[in-house]
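Survey of secondary and tertiary structure
Next come the chains, spelled out residue by residue.
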Amino acid sequence: MNLPKPPKSHWESLRPRHAVESLTPLIESTYSSPDITFYLNGIKVVLSNPNPHWTLLDFIRSQHGLKGTKLGCGEGGCGACTVVLQTRSWREDRTSKITHLAINACLFPLVGADGKHVITIEGIGNVANPHPLQERIAKLHGSQCGFCTPGIVMSLYALIRNSYDTVTQTFHLSSRDIEQEGHLDGNLCRCTGYKPILQAAKTFVTEDLKAQLSDDIRTKIEKLDKITTVAEALETREVDSRPLDTSVTPLATAWRAGEMGESLQKMSEIYSHTELDVLLPSDDGNRSNGSCGRPGGCCKDTPSDSGVTPCSKSPAESPAAMLCSVLGEDHTPAKVKIKKESDTNSTISISANVPPVKSREDAMKNQSQPHPQKGIPQVQFAEYAPGSELIFPPTLWKYRPKPLCFGNERKLWFRPTTLDQLVKLKSAYPSAKLVGGASEVQVEVRFKNSDFAVSVYVSDIEELKQTDLHQIKLGWAQELQLAANTPLTEVERICKAVYAKMDNKPMVLEALRKQLRYFGGRQIRNVASLAGNIATASPISDVNPLLVAAGASIVVRSQSKSEMQIPIKQLFIAYRTTNLPADAVITHIRIPLSAPAPRTREFVKAYKQAKRKDDDIAIVNAGFRVLLDDGMEVMDVRVVYGGMGPTTIQAERTRNVLIGKQWLNSETLKLALEALSKDFDLSFSVPGGMAHYRRTLALSLFFRFWHEVTHELVPTRIDPTITEEIHRDISSGSRDDYNPNEQRVVGKQIPHLSALKQCTGEAEYVDDMPRQDQELIGGLVLSSKAHAKLLNIDWTPALNMPGVVGYIDKHSIPKEANIWGSVLKDEPFFADNEVHFYGQVIGMVYAETALQAQAAARAVKVDYEELPAILTIDKAIKAKSFFKHGKNLKKGAAIDFGMEKAFADCDRVFEGRTRIGGQEHFYLETNASLVIPHVEDGSMEVWSSTQNCMETQEFVSQVTGVPRNRINARVKRMGGAFGGKESRSVPFACLLAIAAKKERRPMRLMLNRDEDMMLTGQRHPVQARWKVGVSKDGKLLALDADLYDNAGFSQDMSGAVMDRCITHIDNCYEIPNVHLRGHVCKTNIHSNTAYRGFGAPQAMYFTETIMSNIAEGLKIDIDELRLKNLYKPGNWTPFFQRIDEDWHIPTLLDQLRVSSDYDSRKANVARFNVNNKWKKRGICLIPTKFGLSFATALHLNQAGAYVKMYADGSVLLHHGGTEMGQGLYTKMCQVAAQELGIPLDAIYTPESQTYQIANASPTAASSGSDLNGMAVKKACKILAERLKPYREKYGPDAPMSTIAHAAYLDRVNLAANGFWQMPKIGYKWGDTDLETAKPMYYYFTQGAAVSEVELDVLTGDHTVLRTDIMMDVGQSINPAIDYGQIEGAFVQGQGLFTMEESLWTNKGELATRGPGTYKIPGFSDIPQVFNVSMLRNDGEGKPLTWKHLRSIQSSKGIGEPPLFLGATVFFALREAVKAAREMNMVKMPLVLDSPATAERLRLAVGDPLVNMAKVVKKEGEKNFFVSVA
Ligand SMILES: Cc1cc2nc3c(=O)[nH]c(=O)nc-3n(C[C@H](O)[C@H](O)[C@H](O)COP(=O)(O)OP(=O)(O)OC[C@H]3O[C@@H](n4cnc5c(N)ncnc54)[C@H](O)[C@@H]3O)c2cc1C
Ligand code: FES
Ligand code: FES
């Protein structure tokens, strides 16, 4: 191998050169090849000595045309980068089969691709010829912004490919496979609420068609036929081959070089191999729909998994049932048809003669179809033919791995192929970093800046990855010896299979399987290993407590000590440190399985509690083993925990206490719990925080273990609800798909116009745009202090680094240009003398590549003098640290300062302090921008992922000194925004513009996830200090409140957020006397900003907390209280807006109450709670109203549109709105098509840009459709008027091409502008005069929801059993899009109120800055039954028309309003907690702040375990984390 010459620059460390020197003999003797050879979407790729810093994702995204695989987080937590590895895997009997593994390309080392087939989203279909998965997700509305979609498609692709058995040619996929086996737990979507994705996936659910394949079909599949087909396929790929790097050898080249002959020859082997596809005893042994996977079995388990589930309501019956399985009479599902198509992807078909697998829908289509009915959408899909998929490349069957080595003087990669080679390598260079699945190592590289000089990929070493199961005989084996780097998915399978083989006896295997089921996401489990986990020695490892409890050991090999065995319990010596010899390699993990001695019983169990059930690291986990004699006396016991200290810890005191005790005696339990609380006497400031919760969990998990064991010994003695963990069924739900107001185009359920492109990965986001000539990439220099003076900044080390071109900071622009702000200019682009929050931008380095720029940015040296920092609202109030705001609302007695008397007149007065935390937007696409300067005239194209083209243009103009008419701010689409890109996107475009102007070169930047979370602000944390007065029967009389939002270091839109906050605290209730004061706190955290709801959800959460307090204080039913206080038409809000005829809340509540069967379910919940001690349920029904308009920012309530018709009748539509997944472009095209009387596909909106629409308001405040829709309508009306004579002349059926052409020939202007300003509104703060006060909002979008939850009292875990939402959206322009908004907003709200928690360190650093630490809802968090409907009729059952609205098509804005309804989950949980507290006789009023995390819920229950685990705060102790509300 030719290694590059050592670099000359002085910064290069010498250490790697030592590596090269010490390893040269080995390289020369063994590692002769520097080439990685693999297939990419069917094309052979040979990379010679590639960049050693690249992950697989870096390589894929560097290739032209392969931008569908996204970078969402870079830490394996979001799934946006999912690709599929098609590999040949070996079974223990040495037979092989082809498997499809979904993996995270962002973590996967490039070297790991060697010898495999990498399939990316582009490999499976495109818009012209989509894969059925892509088509169905698009057509069933499973893609909104689309940034998550390719990753989700690829996870499902792996699942459906693995569902096809090539030997029997049967396809078997059940709803359980889709939802409960964790195939989607590594993918996140922030837009859709997951429901439509699951529905699309379930259209593949099939019966096992084994019996349907006749023998003659089988015999038709002749070897020769297959070979010919493959040859054709490969030929076609040659034509299709896209340009790759010059270092890449396309298959075509290999083909010409004669490999094809080999391929053909090998094809026969393919089929002989597949015929050898012999499996262990079915791993389906314990499958059943709805099983929670509890070791020892779940109440829902059935003997076989046929895909038809007795417990599940939804999946089995039909697609219509899937779409609408819980239908009331009013609910009408969409009709789904499978199109019979012979044109499946034949270019890659290996077996055109294998019949397509019929799905349940396919069977349906033969049934008589009703005639299409107006108002009910019709959906058609192509059939899925598993036999027509991309094949395993023939030459790979022959592939034999060779030792590889590549790299340069800074970093070397090795890939040995035998254990001996590895041991020698380790001996020659002990600090060489072994890399298995890289799920720890790559995170260290990316986020902890670890730079390993030598990395060694071990997952291709047969001895390390292949577990030999021949040791396992029927009956008892002594132990299970797992190869150290066996992927966890495989370990899961082995555990299941061996457990079944050994008559379900070795409990340790079931316990391990259970831990692995909830270990990371599927993509992680497909590559990560036990060895990697053990060697990392993480104190929260999910497997180490169990392995220690089970007495497992590892086998290690090294050159110096050859082979030895180390018990795992002796391994962990300090935080993430083991006593493994430096040159040692873990080769096996030995897990004892031996049968307990006669007349003894052994129990082994494992538990885990995390913030989120799926894909989350543990807060506390545990492995327990107890050995009992025949008198139930404890002979031996191991009680081992993770999350209770710096290492995996065995509770020694508890062990000593238990040994010799009688297990079945409850005194034994009591003694053990007491000992446990001594074993884990955590301090209040324990690293990682949550001291009280951790201790409570330690006790609770043991408590559950004791009861589980006791239950298994004496089933009748124990209440089974103690031992059951939260159970989740297969989800189902409905949308009322019938729209009586459907018109020709408007009102139809048209899929998002980009949905298919998004599903195929062809939709382009900013970072997908082709690299520009001479382009450079920015890397940000960020403050590492929360508040400090900047003493010195030394950027010279950065400038000396490879690829770096320059650096800019505050000196690069005039002082007066270095300031910006959305409402008030109070924020510097570059820190000026001081930094005000951790992460503030100090400067920017730019370089040839992103990796170089980021490394260089880290090399800039900054000296600080620290200053005191304020992080929390409490501290800001104490220090009087506020921005000027001063808005308040007075109504009734407050106007004349009579609130004291108003309260004196009340029967009861309640007071409280309530807090709600912020929320990270977690749009899947982080902020990105690309600036292209035009040297000729100083103009610039500014591509940005922004909701706000105008502000981007304004500030780029400011920093460059170029007038706005030369700045074209453009955005095609965003990968989600939710308010987070309304203002906070602006500075990044400006920084790039400064550099672009300086260098005269294009500049690009895409923030890393952690940067994005640190820098760009979140939803405001808010605190309310409130006082409410009521009559004794619960009539609201007076409300006085101070509301404080945590703005962060600058104002951004915090004042406006507070405005909306105080104008929504009434929610839907009439309060005669109100005094509300808003305060905007200035602190040293990032600048908080707009987020879907804009302060309203926080306010309504306060209202409902106040209502709960009143109901509890007065002991009256909360539903009665709500109804009693609802607004009536003619009432006035605290901002003097009259409640008018558009008031539908009472009707919504009435209708939802009936359709959700609320009253009887509420009674059932009460019964359930009486009968269940350890599970509690809660249910609630809450209304919401949300004001539409930009409120008092009157100037923003305007919009423009520009419609151009070409002579062929096609239309180019521009408007000021931006597309972030919410379907605005689709709706605007529908409006235009309706107005112009042309088909939808005659209209095209390419992007939003300031060159087309001047002064466009940000797309925000749920008013995108209202404002832009009206502008579009006006422009179309002008155009239609001009075309009217031609329409009359040529008749109503004449095509637009004829009309447009005729008008063109007559010199008619075929371009028209539309402009609209929202009428009626114009409230002025302080106006309390009913006569003069203008409305603040144009109208109110209204809705209500019912949620029912179940809480695990022992852990704080919960599940949402069912949610029903009904919204008044007026006459929907596109119900499919509106349903998507409702479901997505609800799930986002659910996240806000239950699991999303931002935490800071005491130093002011945001600690939760990635999907690993910040949890948004995943697939398994959505309501198990999720029904959504729209209000159609009034209280008397007459159809509503909303003609009074004067909005576009009488529709209502819907983006934000449903988000608050996620709070129904919070308040239902509050009810469940209340029930538990009543049982525990806790008398104190319940204070439950938002989010209702598992920690808060568990501690609020107030049982003896919580009290026993109490952690007393000692003098001077601080919580490890700070929450800033
Ligand atoms: C998104 C995400 C989710 C995760 N979720 C969980 C979770 O739920 N529970 C949990 O416990 N962990 C979790 N982890 C952590 C990680 O996945 C596990 O620790 C995993 O088991 C590591 O295995 P690996 O093969 O990927 O290790 P690698 O990252 O490849 O290596 C980790 C360490 O092990 C060493 N090593 C690897 N193989 C050997 C060997 N044969 N001999 C000696 N040393 C070796 C490496 O040198 C390195 O120091 C998660 C990680 C990510 C990124
Ligand atoms: S980008 Fe790879 S998992 Fe998020
Ligand atoms: S569609 Fe899933 S993140 Fe936007």
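Residues numbered from 1 in each chain as written. Chains lettered and ligands numbered in written order. Predicted model: local features only at pLDDT ≥ 70, side-chain atom pairs only at ≥ 80, totals over all residues. Heavy atoms only, no water.

**Brief notes about the overall build of the protein chain**
Looking only at helices and strands, the protein chain has 45 helices and 51 strands in total. A burial count over the protein chain gives 65% of its 1525 residues as buried. Partitioning the intrachain contacts of the protein chain with sequence separation of at least 6 by distance along the chain shows that 78% fall at a separation of at least 24. Put simply, the protein chain shows about 52,100 Å² of open surface, and 52% of that area lies on carbon and sulfur atoms. (Helix = DSSP H or I, 4+ residues; strand = E, 2+ residues; numbered from the N terminus. Buried < 20%, exposed > 50% of the residue type's maximum accessible area, 1.4 Å probe, protein only. Contact = heavy atoms within 4.5 Å. Areas by Shrake-Rupley, 256 points an atom, 1.4 Å probe, with all protein chains shown as cover.)

**With respect to the side chain of His 131**
Within the secondary structure, His 131 sits in the loop between α3 (121–124) and α4 (132–139). Here the side chain of His 131 touches Glu 389 through a polar contact of 2.6 Å, side chain to side chain. Contact partners of His 131, with chain neighbours within four places excluded, come to Ile 124, Gly 125, Tyr 157, Ile 160, Tyr 384 and Glu 389. (Polar contact = N/O pair within 3.5 Å; in protein donor to acceptor, adjacent residues only side chain to side chain.)

**Let's talk about the packing of helix α39 (residues 1224–1236) against helix α40 (residues 1264–1290)**
A pair of packed helices can be characterised by two numbers: the angle between their axes and the separation between those axes. Axis separation between α39 and α40 bottoms out at 9 Å; the angle between their running directions is 30°. By the criterion of interaxial angle, the relationship of α39 to α40 is roughly parallel. The two elements α39 and α40 meet at a crossing, and its hand is right-handed. Residues Leu 1224, Lys 1227, Met 1228, Val 1231, Ala 1232, Glu 1235 and Leu 1236 of α39 form the contact with α40, whose participating residues are Gly 1264, Ser 1265, Asn 1268, Gly 1269, Val 1272, Lys 1273, Cys 1276, Lys 1277, Leu 1279 and Ala 1280. (Axes fitted to C-alpha atoms, helices over the stretch in contact; angles between N-to-C directions. Parallel < 35°, antiparallel > 145°, perpendicular 65-115°, else oblique. Left-handed = near helix turned anticlockwise from the far one by under 90°.)

**A short note on the pattern of salt bridges**
For the structure on display, the rule yields 79 salt bridges. The shortest N-O distance in the salt bridge between Asp 1040 and Arg 1077 comes to 2.7 Å. Pair noted here: Asp 1040 is in strand β39 (residues 1036–1048) and Arg 1077 is in strand β40 (residues 1073–1082), with a separation of 37 residues, a long-range link. Accessibility classification places Asp 1040 together with Arg 1077 in one group, the buried group. (Salt bridge = Lys/Arg side-chain N within 4 Å of Asp/Glu carboxyl O.)

**A look at the sheet that holds strand β14 (residues 479–483)**
The four strands are arranged β14-β19-β15-β16 in an open sheet whose pairing can be described as antiparallel. Of all strands in the sheet, those with a lone pairing partner are β14 and β16 (562–567), marking the two edges. Neighbour-to-neighbour, the strand axes of this sheet turn through a mean angle of 25°, independent of strand direction. As defined by bridge partners, strand β15 (residues 553–558) adjoins β16 across six bridges and the pair is classed as antiparallel. Residue pairing in the sheet places Val 555 in a bridge with Gln 565 of β16. (Pairing = 2+ DSSP bridges.)

**A closer look at the site of ligand 1**
Around ligand 1, a shell composed of 32 residues is seen, among which Leu 434, Gly 436, Ser 439, Glu 440 and Ser 529 lie nearest. Here Gly 437 contributes a backbone N or O atom positioned 2.8 Å from an oxygen atom of ligand 1. With respect to ligand 1, the side chain of Asn 533 contributes an N or O atom lying 3.0 Å from an oxygen atom. Broken down by secondary-structure element, the contributors of at least two residues to the shell around ligand 1 are β12 (433–435), α15 (441–447), α20 (530–536) and β19 (585–592). Looking at side-chain class alone, the shell around ligand 1 contains 14 nonpolar, eleven polar and seven charged residues. (Near = heavy atom within 4 Å. Nonpolar A, V, L, I, M, F, W, Y, C, P; charged D, E, K, R; others polar.)

**A few points about the nonpolar core**
Counting 223 residues, the largest nonpolar core has Leu 156, Ile 1110, Met 1205 and Ile 1365 as the members making the most contacts within it. Of all the elements, helix α35 (residues 1096–1114) adds the most residues to this core, at ten residues. Not counting the four nearest positions on each side in its chain, Met 1205 is found in contact with Ser 1210, Val 1211, Leu 1236, Leu 1279, Leu 1283, Met 1296, Ala 1300 and Leu 1310. Core analysis: the second largest hydrophobic core is formed by 123 residues, Val 83, Leu 488, Cys 495 and Val 604 among them. (Core = buried A, V, L, I, M, F, W, Y, C linked by side-chain atoms within 4.5 Å.)

**Digging into the pairing of strand β11 (residues 412–415)**
Where burial is concerned, the two faces of β11 agree: the one with Leu 412 and Phe 414 and the one with Trp 413 and Arg 415 are both buried. Of the pairings in the sheet, the one linking strand β10 (residues 404–407) to β11 comprises four bridges and is antiparallel in character. By the bridge assignment, Cys 405 is partnered in β11 with Phe 414. Connecting the antiparallel pair β10 and β11 is a turn made up of four residues. Alignment of β11 against strand β13 (residues 454–457), held across three bridges, turns out to be parallel. Looking at β13, one finds that Leu 412 is bridged to Val 454.

**Notes on the sheet that holds strand β27 (residues 804–809)**
Backbone-to-backbone hydrogen bonds join strands into a sheet, with any given pair of strands oriented parallel or antiparallel. The eight strands lie next to each other as β27-β29-β25-β37-β34-β35-β36-β45, forming an open sheet whose pairing is mixed. In this open sheet, the two edge strands, each paired with only one partner strand, are β27 and β45 (1248–1249). The sheet contact formed by strand β34 (residues 928–933) and strand β35 (residues 940–944) spans five bridges and is antiparallel. Looking at β35, one finds that Pro 933 is bridged to Met 940.

**Overview of the UniProt feature "binding site: [2Fe-2S] cluster 2" (unreviewed entry) in the protein chain**
Per the UniProt annotation, the sites labelled "binding site: [2Fe-2S] cluster 2" (unreviewed entry) are Cys 145, Cys 148, Cys 189 and Cys 191. With the annotated positions falling across 47 residues, the maximum pairwise C-alpha distance of 9.3 Å places them together in a single cluster. Within the secondary structure, Cys 148 is located in the loop between α4 and α5 (149–162). You can call Cys 148 buried: its relative accessible area is 5%. Discounting chain neighbours no more than four positions away, the residues touching Cys 148 are Leu 188, Cys 189 and Leu 924. Inspection of the secondary structure assignment puts Cys 189 in the loop between α6 (175–180) and α7 (195–202). When its relative accessible area of 5% is taken as the criterion, Cys 189 is described as buried. Setting aside residues up to four positions removed in sequence, Cys 189 forms contacts with Cys 148, Ile 152, Tyr 194, Ile 197 and Ile 1416. (UniProt positions renumbered as here; feature names shortened; annotations may be inferred.)

**Description of unusual backbone geometry**
Residue Pro 1491 is reached from Ser 1490 by a cis peptide bond, and omega for that bond is 5°. Relative to the elements of secondary structure, Pro 1491 occurs in the loop between α43 (1463–1479) and α44 (1494–1501). Even without a glycine there, the phi angle at Gln 169 is positive, about 55°. Residue placement: Gln 169 occurs in the loop between β6 (164–165) and β7 (170–171). Positive phi values are uncommon outside glycine, yet Ser 562 reaches one of about 45°. Structurally, Ser 562 is set in strand β16. On the basis of relative accessible area, Ser 562 is assigned to the partly exposed category, the value being 45%.

**Thoughts on a positive patch on the surface**
Among the surface-exposed residues, Lys 875, Lys 878, Lys 1403 and Lys 1518 lie close enough to one another that they form a single positively charged patch. Inspection of the secondary structure puts Lys 875 in helix α29 (residues 873–878). Here Lys 875 falls in the exposed class, since its relative accessible area comes to 52%. (Patch = residues over 30% accessible without salt bridge, like charges linked within 9 Å, V, L, I, M, F, W, Y side chains within 5 Å. Lys, Arg positive; Asp, Glu negative; His and termini not counted. Charge placed at Lys NZ, Arg CZ, Asp CG, Glu CD.)

**Brief notes about the UniProt feature "active site" (unreviewed entry) in the protein chain**
UniProt feature "active site" (unreviewed entry): in the numbering of this structure it lies at Glu 1456. Relative to the elements of secondary structure, Glu 1456 occurs in the loop between β50 (1425–1430) and α43. Engagement of the side chain of Glu 1456 in a polar contact is seen with the side chain of Ser 1262, the distance being 2.6 Å.

**Description of the environment of Pro 740**
In this fold, Pro 740 is placed in the loop between β24 (732–735) and α26 (755–760). For Pro 740 and Arg 1432, which are 692 residues apart along the polypeptide, the C-alpha to C-alpha distance reads 8.3 Å. Leaving out residues up to four positions away in the same chain, Pro 740 has contacts with Lys 374 and Arg 1432.

**Examining the environment of Asn 1197**
Mapped onto the elements of the fold, Asn 1197 is located in the loop between β41 (1175–1188) and β42 (1198–1205). Residue classification places Asn 1197 among the buried positions, given a relative accessible area of 3%. Separated by 61 residues in sequence, Asn 1197 and Pro 1258 have C-alpha atoms that sit 9.9 Å apart. Residues contacting Asn 1197, with those up to four places away along its chain left out, are Ser 1189, Phe 1190, Ala 1191, Leu 1267, Trp 1316, Gln 1317, Met 1318 and Ile 1321.

**Some words on helix α41 (residues 1296–1305)**
Of all the residues in α41, the buried ones are Met 1296, Ile 1299, Ala 1300, Ala 1302 and Ala 1303. For α41, the angular spread of the buried residues around the axis is 160°, confining them to a single face. Summarising the contacts, the buried residues of α41 are in contact with β42, α39 and α40. Taken from the residues just after α41, Arg 1307 is the one with a positive phi, measuring 60°. (Arc of directions from axis to C-beta.)

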